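Below, each chain spelled out in residue letters.
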Amino acid sequence: MKIYDPRYYGKLNSSVFSVNGGFIGIDLESSGISKNAFPVEVGWYGSGLEGSILIKPTKEWLSNGFWCEFAEKNFHGISRVLLKNKGLEVHIAALKLNETLKDKVVVSDIVEFDGIWLTQLYEQADINPSFRLIGEQELHEFRKRTGGYFPRVLKSSTEKSHRALDDAKWLYNKNKS
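Calculation notes
- Residues numbered from 1 in each chain as written.
- Predicted model: local features only at pLDDT ≥ 70, side-chain atom pairs only at ≥ 80, totals over all residues.
- Heavy atoms only, no water.
- Pairing = 2+ DSSP bridges.
- Helix = DSSP H or I, 4+ residues; strand = E, 2+ residues; numbered from the N terminus.
- Axes fitted to C-alpha atoms, helices over the stretch in contact; angles between N-to-C directions.
- Contact = heavy atoms within 4.5 Å.
- Parallel < 35°, antiparallel > 145°, perpendicular 65-115°, else oblique.
- Phe/Tyr/Trp six-rings, centres within 6.5 Å; stacked < 30°, edge-to-face > 60°.
- Buried < 20%, exposed > 50% of the residue type's maximum accessible area, 1.4 Å probe, protein only.
- Core = buried A, V, L, I, M, F, W, Y, C linked by side-chain atoms within 4.5 Å.

Participant: A description of the sheet that holds strand 3 (residues 49-54) should follow, citing residues and the corresponding values.
Facilitator: Reading across the sheet, the 5 strands line up as 3-2-1-4-5 and stay open at both edges, with mixed pairing between neighbours. Of all the strands in the sheet, the pair left with one neighbour each is strand 3 and strand 5 (132-135). For this sheet the average axis-to-axis angle between neighbouring strands, irrespective of direction, equals 25 degrees. Helix 4 (residues 90-101) contacts strand 1 (24-30), strand 2 (39-46), strand 3 and strand 4 (105-108) of the sheet and is inclined by roughly 10 degrees relative to strand 2. Relative to strand 1, helix 5 (residues 111-125) is tilted by about 75 degrees, and along the sheet it contacts strand 1, strand 2, strand 4 and strand 5.

Participant: Explain the packing of helix 6 (residues 136-146) against helix 7 (residues 164-175) residue by residue, including any values.
Facilitator: Two elements in contact, helix 6 and helix 7, have axes separated by 12 Å at closest approach and are oriented at 10 degrees. On the basis of the axis angle, helix 6 is roughly parallel to helix 7. When helix 6 is examined against helix 7, the residues E136, L139, H140 and R143 are found in contact with a partner set consisting of L171, K174 and N175.

Participant: Go over the packing of aromatic side chains with me, naming the residues and quoting the values.
Facilitator: Applying the stated rule across the entire model yields 7 aromatic pairs. Ring centres 5.7 Å apart and planes at 65 degrees place the aromatic pair F70 and F75 in the edge-to-face group. Owing to a relative accessible area of 42%, F75 belongs among the partly exposed residues under this scheme. Arranged with centres 6.0 Å apart and planes meeting at 65 degrees, the rings of Y122 and F131 form a pair that is edge-to-face.

Participant: Residues and numbers for the pairing of strand 3, please.
Facilitator: When strand 2 meets strand 3, the two strands line up antiparallel, connected through 6 bridges. Bridging across to strand 3, W44 finds its partner in G51. The antiparallel pairing of strand 2 with strand 3 creates a hairpin that spans 2 residues between the two strands, and S47 there sits at a positive phi of about 50 degrees.

Participant: Any details on the nonpolar core? Residues and values, ideally.
Facilitator: Within the largest apolar cluster, 30 residues are counted, with the highest numbers of intra-cluster contacts made by I26, V42, L97, L101, L118 and Y122. Of all the secondary-structure elements, those providing two or more residues to this core are strand 1, strand 2, strand 3, helix 4 and helix 5. Core analysis: the next-biggest nonpolar cluster, separate from the first, contains 8 residues, F23, V107, L139 and L171 among them.

Structure below.
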């Protein structure tokens, strides 16, 4: 199962998405930047929807995964203890995302990472996603082809908060028409 596949770039068209159509910005925080990292938080914002969830790591993720102490202390501030106590089990997190984002176009600023982490979540939950994940670049290309709004630059990615909901709001506000 793949949530993000770069072969689908440029596939948005006016029959599935309007030039100024609504979308949901999404952001994920992870345990680190590594092939063994795993998702720890998901945030979404846009089209009247807003929320975030912490994800309780699976036993497999904790035993075989990568945890970056530097990211915990200097970026997202999410600890393993917080995830253990407040995080949702992966199947509950996937079901909540499906219920909230059903049939929506969901946009990620760095889909190459967020797509991997969403895929991990859905594979662990053994659930298929109910939404379409695209990269911010695909949204820009669609709007260029159709004469739609092109986003303004609000702030650089280094100025993002590195909490999922705040970063999803940043992405949405940067790209809304």
